[in-house]
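The lines below spell out each chain.
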Amino acid sequence: MKITVIGAGAMGSLFGALLHESGTDVVLFDLWQEHVRRINQEGLTLCGQWGERSLKIMASSDPEQIRPADLVLVFVKSTNTPQAAKTAAALLAPEGLLLTLQNGMGNAEALAAEIDPEQILVGTTAHGAHVLGPGRIRHAGQGETVVGSWLVNEKTMARAEEVSAYFNQAGIKARSSKRVLENLWDKLLVNVGINAVTALTGTKNGQILDLEVSRQLSAAAIREASLLAASLGVRVRENPVEHVFAVAEATTANRSSMGQDVDRQRKTEIEAINGYVVREADKIGLSVPVNLTLTGLIQTLEAHYKDI
Ligand code: KPL
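The rules behind the values
- Residues numbered from 1 in each chain as written.
- Predicted model: local features only at pLDDT ≥ 70, side-chain atom pairs only at ≥ 80, totals over all residues.
- Heavy atoms only, no water.
- Pairing = 2+ DSSP bridges.
- Helix = DSSP H or I, 4+ residues; strand = E, 2+ residues; numbered from the N terminus.
- Axes fitted to C-alpha atoms, helices over the stretch in contact; angles between N-to-C directions.
- Contact = heavy atoms within 4.5 Å.
- Parallel < 35°, antiparallel > 145°, perpendicular 65-115°, else oblique.
- Left-handed = near helix turned anticlockwise from the far one by under 90°.
- Nonpolar A, V, L, I, M, F, W, Y, C, P; charged D, E, K, R; others polar.
- Core = buried A, V, L, I, M, F, W, Y, C linked by side-chain atoms within 4.5 Å.
- Buried < 20%, exposed > 50% of the residue type's maximum accessible area, 1.4 Å probe, protein only.
- Domains from an automatic or database assignment.
- Buried area = accessible area lost by both parts, 1.4 Å probe.
- Salt bridge = Lys/Arg side-chain N within 4 Å of Asp/Glu carboxyl O.
- Polar contact = N/O pair within 3.5 Å; in protein donor to acceptor, adjacent residues only side chain to side chain.

Digging into the sheet that holds strand β4 (residues 53-55)
Read from one edge to the other, the open sheet built from 4 strands follows the order β4-β3-β10-β9, with strand pairing classed as mixed. Every interior strand has two partners, whereas the edge strands, β4 and β9 (128-133), have only one. Between one strand and the next, the sheet's axes are offset by a mean angle of 30 degrees, whatever the strand orientation. Note: strand β3 (residues 44-48) against strand β10 (residues 136-141), 4 bridges, orientation parallel. By the bridge assignment, Gly48 is partnered in β10 with His139. Where helix α1 (residues 10-21) meets the sheet, it contacts β3, β4, β9 and β10, and its direction lies at approximately 100 degrees from that of β9. Those strands touched by helix α2 (residues 33-42) are β3, β4, β9 and β10, and its axis lies near 95 degrees from that of β3.

Considerations on the sheet that holds strand β5 (residues 58-60)
An order of β5-β2-β1-β6-β7-β8-β11-β12 is seen for the 8 strands of this open sheet, with the pairing classed as mixed. If you trace the sheet from one side to the other, it starts and ends with β5 and β12 (174-176), each paired once. Taking each pair of neighbouring strands and ignoring which way they run, the sheet shows an average axis angle of 25 degrees. In this sheet, strand β11 (residues 145-149) lies alongside strand β8 (residues 120-125) in antiparallel orientation, the contact comprising 5 bridges.

Overview of unusual backbone geometry
Most peptide bonds take the trans form, and the phi angle of most residues other than glycine is negative. Non-glycine residue Gln265 carries a positive phi angle of around 55 degrees. Structurally, Gln265 can be placed in the loop between α9 (257-263) and α10 (274-283).

Some words on the packing of helix α7 (residues 212-231) against helix α8 (residues 240-250)
In the contact formed by α7 and α8, the axes pass within 9 Å of each other and the chain directions differ by 130 degrees. Here α7 lies oblique to α8, going by the angle between them. Crossing geometry of α7 relative to α8 is assigned as right-handed. Across the interface between the two elements, Arg215, Ser218, Ala219, Ile222, Arg223 and Ser226 of α7 pack against Pro240, Val241, Val244 and Phe245 of α8. Of the residues contributing to the contact of α7 with α8, the split by class is 6 nonpolar, 2 polar and 2 charged.

Observations regarding the nonpolar core
Within the largest apolar cluster, 57 residues are counted, with the highest numbers of intra-cluster contacts made by Ile6, Val72, Leu98, Trp185 and Leu188. Here the element with the most residues in this core is helix α6 (residues 180-201); it accounts for 11 residues. Lining this core are residues from two domains, each supplying at least three of them: domain 1 (2-178) and domain 2 (181-307). Not counting residues up to four positions away in its chain, the partners in contact with Leu98 are Leu71, Val72, Val74, Ala88, Leu92, Leu111, Ile115, Gln119, Ile120 and Leu121. The next biggest cluster of nonpolar side chains, apart from the first, holds 38 residues, and it includes Val5, Leu28, Ile57 and Ala174.

Points about the domain arrangement of the protein
Under the domain assignment used here, the protein contains domain 1 (2-178) and domain 2 (181-307). Inter-centroid distance (C-alpha atoms) of domain 1 to domain 2 is 24 Å. Every contact between the two is made by 18 residues of domain 1 and, on the other side, 18 residues of domain 2. Interface of domain 1 and domain 2: buried area, both sides summed, is about 1,600 Å²; carbon and sulfur atoms make up 53% of it. Among the residues domain 1 hides against domain 2, the three largest losses belong to Lys77, Asn103 and Met105. Together they make up 44% of the total. Our count for the contact surface shared by domain 1 and domain 2 stands at 1 salt bridge. Note that Lys77 and Asp261 form a salt bridge whose closest N and O atoms lie 3.1 Å from each other. One can count 8 residue pairs in polar contact (both at pLDDT 80 or more) joining domain 1 with domain 2. Residue assignment for the side of domain 1 that touches domain 2 shows that the elements contributing at least two residues are β8 and β9. If you tally residues by element for the side of domain 1 that touches domain 2, the top one is β8, at 4 residues. In terms of residue class, the side of domain 1 that touches domain 2 is built from 7 nonpolar, 9 polar and 2 charged.

So, in structure tokens, the structure goes:
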């Protein structure tokens, strides 16, 4: 299988590296020139508790240099999905598949503006990784990857199963899901409860659990979002707060992706996470004051990065 990863940040590079190691023909596409140059000249360095190794993977910022792919993996920040959709359309083989494992909601819709919805697979992953510098990433945690189809029918589900089986034989623990919308909400609730709180307070994921007040803040944001899910007819797990706290514990030393964005004064994914909850709740007249506050605080911070 020929795979192209669009968005070779931490997670994109990690998946690219694991697939390359299992013998897959992988190309990494990213607009970060220094990262691409280092990968091509010195290899992609993957560090972490599973050892350190340097991998010879092709990277490029030029879609014209890249062969058509049977599978395109999209890992860009959700703010860049519309642009990634155009790149994906140019890089995908006619019968190819595209899989988004991005954080947040609204990515599949943005990709469907350029790609046939029957070719779109969506899912979640519980792996953790971060960028250490150009050409260097750290694999911080392992977890399950779930793959489903955006338009659910027999043909698209068979494709999701094929991709999930391919990941498993490549050593990436995966399963297919017929109820992927529920999986997306499950992951959304994790990001709703962890990302903005840690980004605003300069803390690591596990530190949310240290104080009663931060536990309550996170729990209130999660409960609002779960109530929204129920109002929209999406079934979420019975104890979402317990689950999110377990994820915070399991990723205790991680700085959330939104925390890393704020640290580097980059645009965050707030619009696709707490901001998504606010917009969807507004449509049905549901009040979500905690998510509104978290969204407003992050947006205010982003607007004043240059003054900090
Ligand atoms: O997905 C994550 C993120 O940081 O975006 C979690 C699961 C919170 C891990 O840090």
